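Residue-level listing of the chains:
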Amino acid sequence: MHQLTKQNVIEQLSTNPEVGLQTADVKTRLESNGENKLVGGKQRTLLQMLIDQFKDFTIIILMIAAVISIVLGEHVDGVVILLIVVLNAALGTYQENKASNALKALESMANPKAKLLRNGKVVQVDSTQIVKGDIVILEAGDFVPADLRLLESINLKIDESALTGESVPSEKDAEALLEDKVALGDKINMAFSGTMISYGRGKGVVTATGMETEIGHIAEMLNTSEDEMTPLQKKLAEFGKLLGIICISVSVIIVILGLIRGQELLTVFMTAVSLAVAAIPEGLPAVVTTVLALGMQRMVKRHAIMKRLSAVETLGSTTTICSDKTGTLTQNKMTVVKVFANMTTYEVTGTGYSFEGKIETGQETIESLIPMMSVGALCNDALIEDGKCIGDPTEGALVVMAEKAGIDYKSYRQSHSRFSEFPFDSDRKLMSTAHEIDGQAMMLTKGATDELIRRCSHILINGERQVLSESMKAKILNENQTYAEKALRVIAYAHKVISKDAHLQDEEKDLTFLGFSGMIDPPREEAIKAIKTCKKAGIRVVMITGDHIVTASAIAKALGIIESSDQAALGHTIDDMSEIELIEYVKHISVFARVSPEHKVRIVKAIKADKQVVAMTGDGVNDAPALKNADIGVAMGITGTDVSKEAADMILTDDNFASIVSAVEEGRIIYSNIRKFVGFLLSCNVGEILIIFVAMLMNWGTPLIPIQLLWVNLMTDSFPAFALGMEKGEKGIMNERPRDKDEPIVDKRMGIAIGFQSIGLAVGVLVSYLLGDAIGHQMMLGEEHILGRTFAFSTLIIGEMLRAYSARREDKFVWQFNPFGNKYLNLSVLLAIGLLIVIINVPILQPIFHTQTLTLAQAGMVTGLGVMPLLFGEISKAFTRKM
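Worth saying up front: this structure is predicted, and the values here are computed from it rather than measured.

### Considerations on the overall build of the protein chain
And then number 1: When helices and strands are counted, the protein chain shows 32 helices and 26 strands.
And then number 2: A total of 883 residues make up the protein chain; the buried ones form 57% of that total.
And then number 3: A separation of at least 24 residues holds for 72% of the contacts in the protein chain among residues at least 6 apart in sequence.
And then number 4: For the protein chain, the exposed surface amounts to about 36,400 Å²; the carbon and sulfur share of it is 58%.

Dropping the structure here:
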C-alpha cells in the first residue's frame with residue numbers, strides 16, 4: 001500500500017475518509033476477515049510438559065531401577081530414586097511453563113482502544129473490532145491499532161523502535177509515494193500496529209488487521225519457531241543413553257554368568273540390581289539442576305536473569321553475540337558532543353541527560369554562544385526530569401546542551417515564554433517559535449543545516465552580525481558533512497528580529513545563522529571493554545540494527561566491532577541470497593543496518609548453520625522471533641517489551657552489553673564446574689561397575705550390596721559434587737576460545753582421566769575387600785563377607801572423598817593449588833567420613849548397612865588403600881598433559 005496514492009488506497013478498500021465505514025460494512029468485513037487480533041500457536045498443556053520430562057533415557061533407567069529395588073524389598077533405594085525423578089520432572093515443567101507465554105504478551109500489547117470515524121462520527125472501539133477500510137484518528141500518546149496508510153500527517157512522529165529498532169521517532173508524511181521495495185523503517189506514509197504516536201496528529205485508513213499486520217507476521221514467526229534442546233541437554237541425553245546401554249549390557253552378562261555357574265536366580269538378580277545402581281549416577285540430575293540454579297542466582301548479581309536452567313550452560317559455549325545497537329551497545333541517550341559556532345568547532349563533554357559536563361571554550365566565547373543556546377532551550381518541547389528525557393530525545397539533548405552553557409532552561413522558558421510557533425514538518429525540515437528576548441520579538445528557528453543555511457543572509461560571529469558570504473556557506477556545509485560522516489545527527493540554529501504580530505510562516509527568510517550542533521547516542525564505555533574481552537575470548541560480536549548504516553558503522557568502529565565500512569551492509573542486500581550464500585556472507589559482515597524482523601531471523605539462522613552458538617539481544621516486538629531462534633535470546637529488562645522478555649532465555653536488568661559478557665563468563669565457569677563433577681561422578685560409577693563386574697568374573701562374591709552403593713552414590717557423591725559445582729572461576733577463563741558445541745561433555749581428555757581414576761578406585765576397593773575377607777575368615781565372623789564389605793565400603797568412601805580434592809582442577813596437580821580452598825568440599829569430606837564412622841560403629845545401623853566395627857589397625861589399612869584413587873587421579877593428569 002505504501003506505493004499507492006491515497007486515492008487509490010481509498011478506492012481499493014471501498015471506504016470514505018470523511019465519513020468512515022457504515023455499521024453494516026463493518027459487520028460484513030468482520031465476518032469475512034475475522035477480528036483484529038493475533039492467533040497463537042497450539043499451546044502445550046502442563047500435563048504434556050510433565051510427561052515429556054520422563055522421556056529422558058537416564059530417567060527411564062532410574063525408574064526401572066527404582067521399581068526393581070521396591071519389588072525386591074529395597075524400599076529405601078526405590079523411594080529415594082523416585083523422589084529424585086519426580087523433583088527433576090517438577091523443576092523442568094515449572095521452567096518450561098514459565099517461559100511459554102510469549103504470544104499472550106504479544107496479544108495484550110496489540111489490543112488497545114482506538115478512535116475511529118464511523119457513520120460520520122468519531123467513536124472509540126476495542127481494536128479487535130477494527131476492519132480494513134476503517135478510518136483511524138491518531139493523536140500523540142495513542143497506540144496504532146492496525147496497519148494504516150496515512151491520509152493526513154500534521155507534524156506526525158511515530159515511535160517505531162519496537163518494530164524497527166530505530167532510536168529516534170520516525171517522521172511521517174501522508175503525501176509521500178514510495179517505491180515497491182522499501183525497508184520497514186523508511187515507509188514514511190504508513191503506520192504500523194503496536195507502535196505509538198510520539199508527536200503530532202494524523203489520520204489513516206486500515207490496510208491490514210490481525211495476522212496480516214507487520215506485528216502479525218512476527219507472531220506467525222513466533223508460532224512456527226520450535227524450541228531446540230540446548231547443548232547441555234543434548235549431551236546429557238546422549239550421556240544417559242550411553243550409561244543405560246552399558247548398564248543393561250553388563251547386567252545381562254552378569255545374569256548369564258551367574259546362571260551358568262549355577263547360582264540362585266535371586267542372588268544373580270540382586271547382583272545385577274547392584275550393578276544398575278552403581279552404573280546410574282542417581283544424584284546427577286539433582287546436582288546439575290542445583291548447580292545451574294545457583295549459577296542463575298549468581299547471574300542476578302551480574303544483572304542477568306536466566307529463565308531456563310539449561311540456558312545458563314549454553315551461554316558458556318557462545319561463539320557469536322548478535323546485538324542491537326540502541327541502549328545495549330549505546331546509552332540510548334542522545335548527547336551533543338560537538339558544537340560549530342563562530343566558524344569554529346567546540347567539543348562538548350558529559351553524556352546522556354545529565355547536566356554535568358561543559359562546552360570546551362573560554363568564558364568570553366561561551367557568552368557568544370548564548371544566542372545559539374537560547375534556540376536550543378526555547379525552540380524545544382522536551383523536558384529533563386531526574387536524568388530522563390520527556391519528549392523527543394533529540395530535543396532533550398539540546399536542553400542538556402543549553403544547561404552546559406549555563407542556561408537554566410526551566411526559568412529561561414518562564415522568562416521568555418513562547419507566544420507563537422510554526423511547528424516542524426518534513427517538507428521544510430524546520431521548526432520556529434517566537435519569544436520576547438531583551439525587549440524584542442525574536443523568532444528562533446532550528447532544523448536541517450542545508451534547509452536553514454539557504455534561508456540565512458547573515459551570520460553571528462563572536463557576537464557580531466556579519467553578511468554570510470558564499471565561502472562561509474561552503475565552509476559551514478563542508479563542516480556539516482564532516483559531522484554527518486561521523487554519524488552525528490546535526491541540528492542548525494538561526495534567529496531573526498520580527499514584529500510581534502508577524503506570521504512565522506512568512507518570516508523564515510533573511511535569518512541570522514548562529515551555528516549547529518552534532519549529537520549521537522554514545523557508546524557505553526563498559527561495552528567497549530566488554531567487546532575487547534569478547535575478542536580475547538574468541539567471541540565474535542555482530543551488530544544488527546534498524547538504524548541507518550552510517551550511524552551503525554560509526555558506532556561499530558568506536559566500539560571496536562569493525563575496522564572499515566566494508567564490514568557493514570544493509571538488510572535488503574540479503575533479500576535475494578540463497579541460504580548457502582547467506583551462510584558464507586555473514587562470516588564477513590559484522591554490522592547489518594536497516595534490518596526487518598525477517599532479516600534478523602535469517603541472519604541468526606545463517607550463523608547457527610555455520611555451527612556457531614548464537615546469543616541474540618533485543619528489546620522490541622520485532623526482535624522476538626530472532627530471540628526465539630537464537631541459542632540464547634537476551635531481552636532488555638528496562639526498555640524491553642513484554643513480548644521480547646517472554647521470548648528470551650535471559651533478561652538484562654541494566655540493558656547493558658557488558659552484562660552479557662559477564663553472563664558468558666559465568667556460563668563458562670558453570671560448565672567448567674559441571675565437567676569437574678561429571679568427571680568425578682563418572683569415575684566413581686565406572687569404578688563401582690568395575691568392582692562388581694571383576695568380582696563377579698573372579699567369583700569373589702559381591703563386594704558391595706545395593707544399599708551400600710546407594711549410600712555412596714546419593715550421599716558421598718552428591719555432597720562433593722555440589723561442592724565442585726560451587727568452585728570459583730579459574731583465572732584466565734575468558735582468555736580461552738569457546739569450546740566446540742559438538743564436543744561431547746566426556747571428551748578424550750576426561751575419558752582417559754575417568755579410566756585411570758576408576759581403575760585406581762577398583763584396585764583399591766577390591767584389594768581392601770579381599771584383605772577384609774581374609775581377616776574375616778580368620779576371625780570366623782558369623783555373616784559371610786561382612787568384614788570384606790565393610791573394608792570395601794569404607795575404602796570406597798574414603799577414596800572418593802580424597803579424590804574429590806584432585807578433581808578440583810583438571811590441568812593442575814594438587815600441589816600446584818590449594819586443595820583445601822573450597823570450604824564446601826572440606827565440609828562434605830568431614831560429613832561423609834563422620835557418617836561412615838557412625839554407620840560402621842552404631843549397632844542399630846550395622847544390620848541395615850551390613851557393616852562391622854573396625855579396629856584401629858584395620859581403619860589404618862582402609863585409609864591407606866583409600867589414597868590409591870587420588871594417586872591414580874594425579875597420574876592421569878600427567879598422562880593427559882603429555883598428550
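### Things to note about the pairing of strand β1 (residues 113-118)
And then number 1: Sheet topology places β1 next to strand β2 (residues 121-126); 6 bridges connect them, and they run antiparallel. Note that in β2 the partner of Leu117 across the bridge is Val122.
And then number 2: Bridge count between β1 and strand β3 (residues 135-139): 2 bridges; the pairing is antiparallel. Along β3, the bridge assignment pairs Leu116 with Val136.

### What about helix α28 (residues 786-806)?
And then number 1: The terminal C-alpha atoms of α28, which comprises 21 residues, lie 31 Å apart, in line with the 30 Å expected from a rise of 1.5 Å per residue.
And then number 2: For α28, the tally of buried residues reaches 20 of 21 residues, placing the bulk of the element in the interior.

### Looking at the sheet that holds strand β25 (residues 632-636)
And then number 1: Taken in spatial order, the 8 strands of this open sheet run β8-β26-β25-β24-β9-β21-β23-β22, and their pairing is mixed. The open sheet has two free edges, formed respectively by β8 (304-306) and β22 (568-570), since each of these has just one partner strand. Put simply, the sheet's adjacent strands are angled 20° from each other on average, direction ignored.
And then number 2: One ladder, built from 3 bridges, connects β22 with strand β23 (residues 591-593); its direction is parallel. Counted as the bridge partner of Ala569 is Phe592 from β23.

### Side note on the side chain of Thr512
And then number 1: Relative to the helices and strands, Thr512 resides in strand β20 (residues 511-520).
And then number 2: A distance of 2.9 Å separates a polar atom in the side chain of Thr512 from a polar atom in the side chain of Arg465.
And then number 3: With near-sequence residues (within four places) excluded, Thr512 lies in contact with Cys456, His458, Ile459, Leu460, Arg465, Tyr493, Ala494 and His495.

### Section: the environment of Phe756
And then number 1: Mapped onto the fold, Phe756 is located in helix α27 (residues 748-779).
And then number 2: For Phe756, a relative accessible area of 24% corresponds to the partly exposed category.
And then number 3: Counting along the chain gives 123 residues from Phe756 to Phe879, while the straight-line C-alpha distance between them is 9.5 Å.
And then number 4: Setting aside chain neighbours within four positions, we find Phe756 in contact with Phe872, Ile875, Ser876 and Phe879.

### Thoughts on empty space enclosed by the protein
And then number 1: According to the stated counting rule, one finds 3 cavities of 30 Å³ or more in the structure shown.
And then number 2: Forming the boundary of the largest cavity are 16 residues, of which Ala753, Gln757, Ala807, Arg809 and Glu810 lie nearest the centre.
And then number 3: Elements with a minimum of two residues in the lining of the largest cavity: α24 (657-697), α27, α28 and α32 (868-882).
And then number 4: Ranked by residues supplied to the lining of the largest cavity, first place goes to α27 with 5 residues.
And then number 5: For the lining of the largest cavity, the class distribution of residues is 5 nonpolar, 4 polar and 7 charged.

### Description of the environment of Ala695
And then number 1: In this fold, Ala695 is placed in helix α24.
And then number 2: When its relative accessible area of 0% is taken as the criterion, Ala695 is described as buried.
And then number 3: Distance from Ala695 to Leu766, taken between C-alpha atoms, is 7.7 Å for residues 71 residues apart in sequence.
And then number 4: For Ala695, the contacting residues outside a window of four places in its chain are Leu690, Trp700, Gly701, Pro703 and Leu766.

### Structural notes on the confidence of the model for the protein chain
And then number 1: Across the protein chain, the average pLDDT comes to 84, with 86% of residues at or above 70.
And then number 2: A low-confidence stretch, residues 98-111 stays under pLDDT 50, and its non-local contacts, those more than four residues away or across chains, total 37 contacts.

### Observations regarding the pattern of salt bridges
And then number 1: Scanning the model with the defined rule gives 33 salt bridges in all.
And then number 2: Arg602 serves as the salt-bridge partner of Glu579, at 3.2 Å between the closest nitrogen and oxygen. Within this pair, whereas Glu579 is found in helix α20 (residues 579-585), its partner Arg602 is found in helix α21 (residues 597-609), the two being separated by 23 residues in sequence.
And then number 3: Between Glu727 and Arg809 there is a salt bridge; the shortest N-O distance is 3.5 Å. Here the residue Glu727 occupies a position in the loop between α26 (718-725) and α27, and Arg809 occupies one in the loop between α28 and α29 (823-841), the gap between them amounting to 82 residues. Accessibility classification places Glu727 together with Arg809 in one group, the buried group.
And then number 4: By sharing partners, the salt bridges in this structure join Arg428, Glu451, Arg454, Arg455 and Glu508 into a single network.

### So, the side chain of Asp324
And then number 1: By the element assignment, Asp324 lies in the loop between β9 (320-323) and β10 (335-341).
And then number 2: Although Asp324 is buried, it forms no salt bridge, and the closest oppositely charged side chain is Lys600 at an N-O distance of 5.1 Å.
And then number 3: Other than its neighbours up to four places away in sequence, Asp324 contacts Leu329, Ile544, Thr545, Thr617 and Asp619.

Parameters and conventions
Residues numbered from 1 in each chain as written. Predicted model: local features only at pLDDT ≥ 70, side-chain atom pairs only at ≥ 80, totals over all residues. Heavy atoms only, no water. Helix = DSSP H or I, 4+ residues; strand = E, 2+ residues; numbered from the N terminus. Buried < 20%, exposed > 50% of the residue type's maximum accessible area, 1.4 Å probe, protein only. Contact = heavy atoms within 4.5 Å. Areas by Shrake-Rupley, 256 points an atom, 1.4 Å probe, with all protein chains shown as cover. Pairing = 2+ DSSP bridges. Expected span 1.5 Å × (residues − 1). Axes fitted to C-alpha atoms, helices over the stretch in contact; angles between N-to-C directions. Polar contact = N/O pair within 3.5 Å; in protein donor to acceptor, adjacent residues only side chain to side chain. 1 Å grid on protein atoms, 1.4 Å probe; cavity = no way out; pocket = protein on both sides within 12 Å on 5 of 7 lines; lining within 4 Å. Points joined across faces, edges and corners; volume = space filled by probe spheres on them. Nonpolar A, V, L, I, M, F, W, Y, C, P; charged D, E, K, R; others polar. pLDDT = per-residue confidence, 0-100. Salt bridge = Lys/Arg side-chain N within 4 Å of Asp/Glu carboxyl O. Lys, Arg positive; Asp, Glu negative; His and termini not counted.

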